[in-house]
Amino acid sequence: MNGIRVRTSVLGLALLAGFSAPGTGAAAADTALAPTVEEQRLDKAVPQEILEHSGFDTVAPEFTHALERAHSYAQARRIVVREGTALWRRAVDRAQGRGPAGGDLSRDDDRPLYWARLGMTREVRVWEPEFGVTDGQRAALLSELEMTSRGQSSIRYPHEKGLKRILVTGFDPFTLDRDIRISNPSGAIALALDGTVIQTADGPARIETAMFPVRWADFAEGTVERALRPYLPKVDLFTTVSQGRVGRFDVERTNGAWRGGYPDNENVSRTETVPVTDPASQPQWTSTTLPYKAIVAANTGRFPVYDHTEVTEIPAGGTDPVVRPDGPTAGSAARAGGGGNYLSNEIAYRATLLRDRLGLHDSLPGGHIHTPVLQFGTGNTDPATGTITDPEFVRNRVDIIAQVRAMVTVAMDSSLVH
């Protein structure tokens, strides 16, 4: 994610008092929440245009009607799980050419999912049912909606003999206040590859994917570990993916335990050591176990691919940050991994730390890939006057998706050899 330094989700606490419906037993506090910074962007012209041109403008209204028909918290929870799962499946199907396109927006576009999800989370946040919901129940509904609509609860590997298993993750769009039109190629990759099968030197491999928010708070609350822990012991390879530098792919060699403070999608900043469980055993650095030499050497597409080794550290006994082109030195404190000190570095750090804590460092290839920045075409670079898409924008995204598929295939083949 641009190798830069990004916020946590602060739920707005403008509380509107509500009352429990008669006959519901103990009174349940019904306190609606104000829409978040992320959700407030939804009413701008660009998000509405993206939703309209993809057919996803019906998602939030239909979800609202379904939620209004709930007569209990249990029923509301079932609706949230069903509709969140349906949104993920609809986005994947659209990206992979199944069902109606719903409009003239390119099928490979990740943005309809992002903005439709925000319409749904905003509805849950402001929803005030007659039967009342507690703060804890509302938070649980939001959590269910996040997990299901991001594919985190839909990861399924068939029990087929000889079938290899690959896990790939992506991110939401970010830096939306700089350009609200932005798309994240890693999210498009997740939609395009979910449930697909690639052919490796040792037979078929199934790819399952999930997406993550660009919010510091969610990461501190363990969303990455909750989503990945059940699957890392069962997969043959994993890679987290995010948007990185202009015109190039990077296989990040080293990840650092430091948050650099760049604002996230809620405009929150965090500058601190990456918060994890058991901090006493927390390393300053983790490393990729992807076969980076093979990935870099292969002809996977039109963008160059680099083995990226640079980090920023405070050397042992020192006080000032130092850039190291060839990785960290012994005893140093992290200030930026190869992928910077934003949430792209953090997901790489968390995923590889989880790999290591599960005792899989020597047996599970895994790490992080940064994609090229997804750029609009010449003449369409001004957010104030530009269009939401153009042919070069689509071509760049389609080529990035195809190249990641090829890189994953190379990584799987090389891992099988070694």
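Residues numbered from 1 in each chain as written. Predicted model: local features only at pLDDT ≥ 70, side-chain atom pairs only at ≥ 80, totals over all residues. Heavy atoms only, no water.

### Re the overall build of the protein chain
Step number 1: The secondary structure content of the protein chain amounts to 12 helices and 16 strands.
Step number 2: Here the C-alpha radius of gyration of the protein chain, 21 Å, is about what a compact globule of 418 residues would show, namely 22 Å.
Step number 3: Per-residue burial over the protein chain gives 56% buried out of 418 residues.
Step number 4: Surface exposure of the protein chain reaches about 16,600 Å², of which carbon and sulfur atoms provide 54%. (Helix = DSSP H or I, 4+ residues; strand = E, 2+ residues; numbered from the N terminus. Rg over C-alpha atoms; globule rule 2.2 N^0.38 Å. Buried < 20%, exposed > 50% of the residue type's maximum accessible area, 1.4 Å probe, protein only. Areas by Shrake-Rupley, 256 points an atom, 1.4 Å probe, with all protein chains shown as cover.)

### Overview of the pairing of strand β13 (residues 311-314)
Step number 1: Side chains V311 and E313 of β13 all project onto a buried face; the interleaved residues T312 and I314 project onto the opposite face, where all are buried too.
Step number 2: Here β13 pairs with strand β14 (residues 322-324) via three bridges, running antiparallel. The residue bridging E313 from the neighbouring strand is V322, located in β14. (Pairing = 2+ DSSP bridges.)

### Some details on the packing of aromatic side chains
Step number 1: The full count for this structure, using the stated rule, is nine aromatic pairs.
Step number 2: Taken together, a centroid distance of 5.7 Å and an interplanar angle of 45 degrees make the contact between F174 and Y342 tilted. Placement of the pair is F174 in the loop between β3 (164-171) and α7 (185-193) and Y342 in the loop between β15 (333-336) and α11 (343-357), with a sequence separation of 168 residues. For the pair F174 and Y342, a shared accessibility class is recorded, and that class is buried.
Step number 3: Geometrically, the ring pair formed by W216 and Y342 is edge-to-face, given 5.7 Å between the ring centres and 75 degrees between the ring planes. In this pair, W216 sits in helix α8 (residues 216-220) while Y342 sits in the loop between β15 and α11, placing the two residues 126 residues apart along the sequence. Judged on exposure class, the residue W216 and its partner Y342 are both buried.
Step number 4: A connected cluster of aromatic rings, assembled from ring pairs, spans F174, W216, Y262 and Y342.
Step number 5: One cation-aromatic arrangement involves R90 over F56; the distance from NZ or CZ to the ring centre is 4.5 Å.
Step number 6: Above the ring of W258, the side-chain terminus of R335 is found at 3.7 Å from the ring centroid. (Phe/Tyr/Trp six-rings, centres within 6.5 Å; stacked < 30°, edge-to-face > 60°. Lys NZ or Arg CZ within 6 Å of the ring centre and 35° of its normal.)

### Quick look at the environment of P372
Step number 1: Looking at the element boundaries, P372 is found in the loop between β16 (366-371) and α12 (391-417).
Step number 2: Here P372 falls in the buried class, since its relative accessible area comes to 1%.
Step number 3: Counting along the chain gives 298 residues from P372 to A74, while the straight-line C-alpha distance between them is 44 Å.
Step number 4: Leaving out residues up to four positions away in the same chain, P372 has contacts with P185, Q243, R245, G247, R248, F249, F303 and I400. (Contact = heavy atoms within 4.5 Å.)

### A look at the sheet that holds strand β7 (residues 249-252)
Step number 1: Strands sit in the order β4-β5-β3-β6-β16-β7-β12 across an open sheet of seven strands; the sheet is mixed. The sheet is open, and its two borders are formed by β4 (197-200) and β12 (305-308), each paired with just one other strand. Averaged over all pairs of adjacent strands, the angle between strand axes in this sheet comes to 30 degrees, irrespective of strand direction.
Step number 2: Sheet topology note: the β3/strand β6 (residues 237-243) ladder contains four bridges and is parallel. Looking at the pairing, T169 lines up with T240 of β6. (Axes fitted to C-alpha atoms, helices over the stretch in contact; angles between N-to-C directions.)

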